[in-house]
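# Results of the structural survey
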Amino acid sequence: MKKSILFLSIIFTLVVLSACGQSNKDGATSGDKKVLTMATSADFAPFESRDKAGKIIGFDIDLAKAIADELGYKLEIKDMKFDGLIGALQAKRVDMVLAGMSATEKRQKNVDFSTAYNHSGEMFITKKDSTVKTIDDLKGKTVAVQLGTIQEEGAKKLQEKVDFTLKPLDNSTTLIQELLSDRVQVAYLDKSVATGYIKEQGLAGFDDPTSSSPGMAVAFPKGSELKEDVNKALKKLEENGKLQELKDKWLKDQQ
Ligand code: ARG
C-alpha cells in the first residue's frame, strides 16, 4: 500500500514537473518576444544617463523602446564606454547602438547608420568667472573631451590653429568634475548635453562656431538587416508625433 502511494506520488510529481517544463517552453516560443540588444554609454544626459536608482534613462532609451515596440522586440540594454561602442558593433556583440552618436563619414566605414533622429552642435563649457570666451582664448588652457567622440576629433583639428592642451577622458561626466575641480579650464562637448550642465551647475559656455556635426543616428553592424526596419519605425514615429513627444519630454530645455 505504502509503496503504491509512493509510486503514485512519484508519477504525480513527474507529471507536474513535465507540465511546468512544457509551459515554460511554450512561454519562450509564443509569449516572449525576440530580444533586441542595444548598447549605449550612459554618461550623456539627457540622451542616456543613470537615475538615482541606477536605472538607465533618457531620450535615446525611450526612443529605442519605441522602436523595439514598433518592431515587436523586447529591448535589452548594455552600458559601455563610448569608446567601445563601434567595436561592440563590429564584433556583433550588440544589434544596435543609441548613444547620441553622430553619423560621421569616418564611422560609416565601420558601421551602418539609420536616418538621423536629432541634431545638435558643440559647445565649450567653462566656469562662470572664466576669461575664456572665444576659441582664441583657449590658448594655453587645458580642454577636456570625451574619448572617441567627434569633439575629441574636432578639438584635435582646432589645436592646429590654437595652442592648447587636450585631455581626453573616457567618461563624459568626468569632464564636468574635472572642470569643477579646476583640473581643466574648458570642457568641449555636445551642445544639448552642455546646456544641461550649464543650467544645473551654474557654469558658462559658448557655441563652437566652427562645428558642423552630422545628426545623431542609430548605429548597426555593417550590412545589418535591422537598419531598414529601424528606418521604417523611425519614419512612423516621426509621422505619428511620438518622436516630437520624446524631444519635448527630454530635449526641450536643451535646445
Ligand atoms: N555626438 C558625439 C559623437 O558622436 C558624442 C556622443 C557621446 N555619447 C555618449 N553617450 N557619451 O561623437
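To be clear, the structure that these remarks concern was listed above.
Below: a short report on this structure. (Residues numbered from 1 in each chain as written. Predicted model: local features only at pLDDT ≥ 70, side-chain atom pairs only at ≥ 80, totals over all residues. Heavy atoms only, no water.)

## Structural notes on unusual backbone geometry
Negative phi is the rule for most residues except glycine; trans is the rule for most peptide bonds. Note the cut-off: Counting from the N terminus, the helices are DSSP H or I runs at least four residues long and the strands are E runs at least two residues long.
Residue Pro46 is reached from Ala45 by a cis peptide bond, and omega for that bond is 10°. Checked against the element boundaries, Pro46 lands in the loop between strand S1 (34-40) and strand S2 (49-50). Here the phi dihedral of Lys92 falls at roughly 55°; this positive angle occurs in a residue that is not glycine. On the secondary structure map, Lys92 appears in the loop between helix H3 (85-90) and strand S5 (96-97). Unlike most non-glycine residues, Asp182 shows phi in positive territory, near 60°. With respect to the helices and strands, the residue Asp182 is situated in the loop between helix H6 (172-180) and strand S10 (186-190).

## A look at the packing of helix H2 (residues 59-71) against helix H8 (residues 226-239)
Each pair of packed helices can be summarised by the angle the axes make with each other and by the distance between the axes. Rule in force here: Only C-alpha atoms enter the line fits that serve as axes; for helices the fit covers just the stretch in contact. Angles between N-to-C directions range over 0 to 180 degrees. Orientation is classified from the angle alone, with under 35 degrees giving roughly parallel, over 145 giving roughly antiparallel, 65 to 115 giving roughly perpendicular, and any other angle giving oblique. Contacts were defined at the residue level, with two residues in contact if any of their heavy atoms lie within 4.5 Å. Charged residues are taken to be Asp, Glu, Lys and Arg, nonpolar residues to be Ala, Val, Leu, Ile, Met, Phe, Trp, Tyr, Cys and Pro, and polar residues to be all remaining types, Gly included.
Across the interface, H2 lies against H8 with an axial gap of 9 Å and an inter-helix angle of 110°. Judged on the interaxial angle alone, H8 and H2 are roughly perpendicular. Facing Leu63, Ala66, Ile67, Glu70 and Leu71 of H2, the residues of H8 in contact are Asp229, Val230, Ala233, Leu234, Lys236 and Leu237. A breakdown of the residues in the contact of H2 with H8 according to their chemical character gives eight nonpolar, no polar and three charged.

## Considering the packing of H2 against helix H9 (residues 242-250)
Which entries qualify depends on this criterion: Crossing handedness is read from the near helix: turned anticlockwise from the far helix by less than a right angle, it gives a left-handed crossing, and turned clockwise, a right-handed one.
The contact between H2 and H9 brings their axes to 10 Å, and the two run at 160°. When the axis of H2 is compared with that of H9, the two are roughly antiparallel. Crossing geometry of H2 relative to H9 is assigned as right-handed. Side by side, H2 and H9 meet where Phe59, Asp62, Leu63 and Ala66 of the first sit next to Lys242, Leu243, Leu246, Lys247, Lys249 and Trp250 of the second. Taken together, the residues that form the contact of H2 with H9 break down as six nonpolar, no polar and four charged.

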